[in-house]
Amino acid sequence: MVSPETGQFPLGFPTCNITDKDTTAFQSIPEGAFDEVASCLVKVPGKRDKDSKMALVENVITLQKCQDVLEAEGEKKTMMKKMMRQIQEEPLDSLSSTVRWQAMETLTQLSHTQPILGWQERSELVDTCVKSVFSLPSVQAMQEKDEAKAEAIQKLYQQTLDALQTLLNALFVEDPTPAGLKSILEPLGPWMNSGKAHERARAVNSNVSVLNHTLLTLPFFMSSGFPALGLLLGRLILRIGDPDEEIGREALDGIIILYTILELQKRTRDKEETNKEELYESNKRFLGPYNPVSPCQNILRVIAEFGDFLGPQQVKDLLLAALEGLKGSSETRGKDSGEMMQLASEVTLSSVLEWYRHRVLEVIPEIMQGIYVQLSHIQEPRAREVALLPVSLLASSFMTEVVVALLTCPLPLDSNGAEMWRQLILRKPSCDVRDLLDLLLTSLKEKPFTKKGRASIVPLAAASGLCELLSVNSCVGRVRRIYPQLLLALLIQVHYHIGLNLPGRMAFRKDTKKDTQPSVFVPVRWVVKVVKTLLLRMGCSYEATFLEDQGGWELMGQAENHHRGVSLLARAMVHYSCQELCRILYLLIPLLERGDEKHKITATAFFVEVPRGSRHGLLQMEQVRRIPEEYSLGRMAEGLNHQDPIMKVLCIRGLVILARRTEKTAKVQALLPSMVKGLKSMDGLLVVEAAHNLKTILKGQDRKLTDSSVYVEMLQILLPHFSDAPLPPSEWKEGCVPPWGAQRQPPGGESMPQPLDLPQSREDVRSSCINLYGKVVQKLRSPRTPAMEEQLISTLVPLLLTMQEGNAKVSQKCMKTLFHCSCFMAWELPKRAYSRKSWDNQQQTVAKICKYLVTTHQDSAFTFLSQSLEYAKNSRASLRKYSVMFIGSLVPCMESIMTEDRLNEVKAALEDLRHDPEALVCIYAAQAQDHILASCWRNSWPLPHGDSWVCDPVPTHRWSPSCENLPTSHQRRSWIMQLLGSWKMSLKQ
């Protein structure tokens, strides 16, 4: 701070300039004394005692002149860190102290000592000093703030700036290597694009000063080229177009110095002797003079002449440096300044790519990545257009390389990545759309994982790029050329991406409408969205709407339902007579022949679809007749032995459709046994799906089928699904076929295609299987074989118990199927057996049914018992309840044939059911025990604690010893009856 009274700086040293000779005047001061004084320096309060702080700085300098105590690495670095801390403590909004200046003077002297600083340490030091000086307000602003000290502020500012420049030059002298020069120039770079003119001026001035010092000394030969040449040249070129003419003029002078350095290096390599001053003056005339009216002329001249020194990396850096000038809004820079910077950047980008485009082939991925990163900081529309210019310019010559680079953009695509894709065809010069789409199609045919099992982002990125291109109207016409290939490739990619995660490459999609956490990006949903977009852009709005109404898009993205979603799409396309069906058909054949499992399932699902009640499907097309039989009937027959049950179901559907053609009927009917065998070990939904298709063949054969074993085998497959357990609610969304939505009626009264003939929910699997069972029974013809009789007898208990479940639809199907079985077997079941009325309070009815079953089919009595015990374990409480009631009536009827092992099995099952979570099941289990005890097994089922047996057990019977663990209300028969009475009253209410 300058004293207003004396005009001198405090402590009596106005400049304190230290020469190189001072470093040799070191005398004897005890070792460690300098470190002790330096440690005291940081203890001085930052703003309370500036005089004391300056006194310590002076003492440090004095100590330097006395003795070289800095040769020890630790002491030099410690002192530098403390000086840097002093600089960092100085305010950035004012210049009122010489501390910053004196600290940099000290650092300059420290640079003359050993050891030299490392690259990172030097870079950190330069960054600290540059930030402290460059962040200061302009001199005018500081003078206006304190007009009384305007002259002193001007002088102190100039001294501070000179001290910084001296320090930078000294640091270069300390390590006169390319790496040392780079560590000095790098921290200056960001300041050259500042929105404040005084900060840009300081940065340009410092850069030019360092370059000038380099030119004067030039102590090294840069065999690897000038460090960061592209970035430095690009930043200086932008400053030629700066609104401030002084900055532009000085930037051009810096470029001339840089050019001279490069020329000298070239001549040194060629062993030519050159006068530096003469060469500089020659280059100044050659590259200049500065044109303030049209600085772009200077920019074009500079770029043209620097060609000999620009390799691939330098051109890349030059392009990225040009993008830096587009950062910031017009409000930050000012409208005129922003427009001039955009113009300078545009001229630089276009001219560099025009003259040196052939040199960047190997660095195109880095250029694309740099553009993507810079776009996040460029908001002004015109500036974004300029920033995207290299995308279209490079794509016009190197489209493959550009597309490959764009495929590495993070997913899901944000606005920046999407805009880069659209830039390929929106701006001139644009790439050939046909070639672009072919490249994307090739990428869509790749698998989303490599041979080593690693995830690949390429197919998903290609789908994202295609989605963006579809948003450009001019691209839609060209897409139609390869629409069938794109559609099938995307459908297969949907199958590939089901359950596939691509960690490390996925971004989170932010919800801009709600203040919530970003949602996780699910790849398969995104591919399904692209399929939908493709359909809509190709004019298939009815097909897309049909899938939306029928839940097809959700089905398509689920592992167990993917083929159903594809089938719905094929059904809609057939119904609306899609013009591309013939082309799609011929594309499916290679997929069926040579594709992997995903290819085959998706292709087969599309291949075999035909609308219900229509004879116009893919396999019914005239073109199919020209396909060799081995690719139609042969492939469908082979699929019956496929390990994937979905493939079996699809092949059954295809064979059923082929059977409609007269010349194929006999061959398909001969495959009926194989079709039925293929239903084994299938999920209930798939069984119903396949069985619905088999009904067509069964109707066609009627009485012609003499071998009844096929029917019996089909009955055996359907029977286990009578008790198909519902999935837990947590799996309904992903595992169940959702209810079909409302059907849309398109204009003109045209009807919608029918949805797939499938159960609408998991609950419908049982009713569908029971219904199909009855239809097959109707196909049976006399004479009855033992296999037929055994199969139908084994159906009695499942039908009787399921009929009591309480589901009206299921009960009705059970009653009809039981009636068909009775007619064929000539059974005379009690009339109440065909009633859907509940068995509650109908114990006599149950007893009559059990008595009839055991009397008529005594050989199957143990089968009835095993089945009822199995149903007692069912997840549905109603089935457990009525199976227990059935057991209580069935076991007494088996007195003459019951074995001890089977009785023990019954006893154990009833004991477990007395602890059932459903109270009514507990009660009915207790009743069943009573019935069994009252009939004939009172000796094998011991009574508790010496209670005598009475003929009428209802008023006096107590539970077995295990009843001690049950509630008191379960201990006597009378309490059971009271509970039942209360329960009946609640039902009536």
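Residues numbered from 1 in each chain as written. Predicted model: local features only at pLDDT ≥ 70, side-chain atom pairs only at ≥ 80, totals over all residues. Heavy atoms only, no water.

## A few points about the overall build of the protein
Put simply, the test is: The secondary structure listing takes helices from DSSP runs of H or I that are at least 4 residues long and strands from runs of E that are at least 2 residues long, numbered from the N terminus. Per-residue accessibility, obtained with a 1.4 Å probe over protein chains only, is compared with the maximum for each type, and a residue is labelled buried under 20%, exposed over 50%, and partly exposed between these values. Note on contacts: a residue pair qualifies if any of its non-hydrogen atoms lie within 4.5 Å across the two residues.
The helix and strand inventory of the protein stands at 48 helices and 2 strands. The burial tally for the protein puts 54% of its 989 residues in the buried class. Taking contacts inside the protein between residues at least 6 apart in sequence as the whole, the part at least 24 apart equals 75%.

## Digging into the packing of aromatic side chains
Here is the rule we go by: Aromatic contacts are taken between Phe, Tyr and Trp rings whose centres are within 6.5 Å, Trp giving its six-membered ring; a plane angle under 30 degrees counts as stacked, one over 60 as edge-to-face, and the others as tilted. We call a charge positioned above a ring when the Lys NZ or Arg CZ atom is no farther than 6 Å from the ring centre and deviates by at most 35 degrees from the ring normal.
As enumerated under the stated definition, the model contains 10 aromatic pairs in all. With a centroid separation of 5.8 Å and an interplanar angle of 85°, the aromatic rings of phenylalanine 449 and tyrosine 496 are classed as edge-to-face. Of this pair, phenylalanine 449 sits in the loop between α21 (433-444) and α22 (458-470) while tyrosine 496 sits in helix α24 (residues 483-497), and the two are 47 residues apart along the sequence. According to the relative accessible area criterion, tyrosine 496 is buried, its value standing at 5%. Ring centres of phenylalanine 722 and tyrosine 773 lie 5.2 Å apart, and the angle between their planes is 75°; on these two criteria the pair is classed as edge-to-face. Here the residue phenylalanine 722 occupies a position in the loop between α36 (709-718) and α37 (729-735), and tyrosine 773 occupies one in helix α38 (residues 764-779), the gap between them amounting to 51 residues. When sorted by exposure, phenylalanine 722 lands in the same class as tyrosine 773, which is buried. Three or more aromatic residues joined by ring pairs make a cluster, and in this case those are Tyr259, Phe306 and Phe309. Over the ring of phenylalanine 286 we find arginine 301; its NZ or CZ atom is 4.6 Å from the centre of that ring. Its guanidinium or amino end placed over the ring of tyrosine 924, lysine 881 lies 5.8 Å from that ring's centre, counting from NZ or CZ.

## Regarding unusual backbone geometry
Here the bond from glycine 288 into proline 289 is cis, since omega is 0°, no more than 30 degrees from zero. With respect to the secondary-structure elements, proline 289 resides in the loop between α12 (276-287) and α13 (295-305). Geometrically, the link from leucine 411 to proline 412 is a cis peptide bond, its omega value of -5° lying close to zero. Unusually for a residue other than glycine, alanine 228 sits at a positive phi of about 50°. Inspection of the secondary structure assignment puts alanine 228 in the loop between α9 (197-217) and α10 (229-240). One non-glycine residue, alanine 826, lies in positive phi territory at about 60°. You can see alanine 826 is positioned in the loop between α41 (808-825) and α42 (843-856). Using a relative accessible area of 57% as the deciding quantity, one classes alanine 826 as exposed.

## Examining the environment of alanine 418
Tracing the chain through its elements places alanine 418 in helix α20 (residues 415-426). We classify alanine 418 as buried; its relative accessible area is 5%. In sequence terms alanine 418 and glycine 465 are 47 residues apart; their C-alpha atoms lie 7.3 Å from each other. Other than its neighbours up to four places away in sequence, alanine 418 contacts Leu413 and Glu468.

## Thoughts on α38
Selection criterion: Each residue after the first adds 1.5 Å to the expected span of a helix.
The end-to-end C-alpha separation of α38 is 23 Å, in line with the 22 Å expected for 16 residues at 1.5 Å each. Within α38, 13 of the 16 residues are buried, which leaves it mostly tucked inside the rest of the structure.

## Some thoughts on the environment of glycine 288
Note that glycine 288 resides in the loop between α12 and α13. Assessed through its relative accessible area of 16%, glycine 288 is described here as buried. Taking the C-alpha atoms as reference points, glycine 288 and aspartate 253, 35 residues apart in sequence, are found 8.5 Å from one another. Leave out the neighbours within four places in its chain, and glycine 288 touches Leu252 and Asn283.

## Observations concerning the pattern of salt bridges
The following threshold applies: Whenever Lys or Arg places a side-chain nitrogen within 4 Å of a carboxyl oxygen from Asp or Glu, that contact is recorded as a salt bridge.
All told, the structure shown has 29 salt bridges when counted by the stated rule. Between aspartate 175 and arginine 122 there is a salt bridge, and its shortest N-O distance comes to 3.5 Å. Taken together, the residues span a long stretch of sequence, with aspartate 175 in the loop between α7 (150-174) and α8 (178-185) and arginine 122 in helix α5 (residues 119-134) at a distance of 53 residues. Side by side, aspartate 175 and arginine 122 carry an identical accessibility label, which is buried. Glutamate 905 is the salt-bridge partner of arginine 902, the closest N and O atoms lying 3.1 Å from each other. Remark: glutamate 905 and arginine 902 occur in helix α45 (residues 900-913); sequence separation between them is 3 residues, near one turn of the helix. On the basis of relative accessibility, which here comes to 18%, the residue arginine 902 falls in the buried class. By relative accessible area, glutamate 905 is classed as partly exposed at 38%. Each of Glu346, Arg382, Glu385 and Arg427 takes part in a single network of salt bridges with overlapping partners.

## Regarding the side chain of asparagine 169
In this structure, asparagine 169 sits in helix α7. Aside from chain neighbours lying at most four places away, what touches asparagine 169 is Ser209, Val210 and His213.

## Here's the deal with the state of the cysteines
Our working definition: The disulfide definition used here is simple: a pair of cysteine sulfur atoms within 2.5 Å.
Under the counting rule described, the total for this entry stands at 0 disulfides. Looking at the unpaired cysteine 821, the closest cysteine sulfur is the one in cysteine 823, lying at 9.3 Å. Of the residues examined, cysteine 821 reaches a relative accessible area of 0% and is grouped as buried.

## Some remarks on the nonpolar core
What counts is decided by this rule: Take the buried Ala, Val, Leu, Ile, Met, Phe, Trp, Tyr and Cys residues and link them wherever side-chain atoms come within 4.5 Å; each set so joined is a nonpolar core.
The biggest cluster of nonpolar side chains holds 289 residues, and the ones touching the most others in it are Met368 and Leu424. Among the elements that take part in this core, helix α11 (residues 245-269) stands out by supplying 11 residues, more than any other. Those residues in contact with methionine 368, other than ones at most four positions away along the chain, are Val391, Leu394, Val402, Ala405, Leu406 and Met420.

## A look at the confidence of the model for the protein
Predicted coordinates in regions of low pLDDT should not be interpreted in detail. What counts is decided by this rule: Every residue carries a pLDDT, the predictor's confidence in it, which falls somewhere between 0 and 100.
Model confidence for the protein is summarised by a mean pLDDT of 79, while 76% of its residues fall at 70 or above. Low pLDDT (under 50) marks residues 508-516, which in the prediction has 10 contacts with non-local residues, meaning those over four places away or in another chain.

## What to know about α42
Its 14 residues place the ends of α42 20 Å apart at the C-alpha level, agreeing with the 20 Å of an ideal helix rising 1.5 Å per residue. Among the residues of α42, those classed as buried are Thr845, Val846, Ile849, Cys850, Tyr852, Leu853 and Val854.

## Remarks on the packing of helix α29 (residues 581-594) against helix α30 (residues 597-607)
Operational definition: An axis is simply a line fitted to the C-alpha atoms; with a helix, the fit covers only the stretch in contact. Between two such axes, the angle follows the N-to-C directions and lies from 0 to 180 degrees. By convention the crossing between two helices is left-handed if the near helix lies anticlockwise of the far one by an angle smaller than a right angle, and right-handed if it lies clockwise. Residue polarity is assigned by list, with Asp, Glu, Lys and Arg as charged and Ala, Val, Leu, Ile, Met, Phe, Trp, Tyr, Cys and Pro as nonpolar; anything else, Gly included, falls into the polar class.
At a closest axis distance of 9 Å, the pairing of α29 and α30 adopts a crossing angle of 145°. Seen from above, α29 lies across α30 with left-handed handedness. The segment α29 lies against α30, with Leu581, Ile584, Leu585, Leu588, Ile589, Leu591 and Leu592 engaging His599, Lys600, Ala603, Thr604, Phe606 and Phe607. Considered class by class, the residues forming the contact of α29 with α30 number 10 nonpolar, 2 polar and 1 charged.

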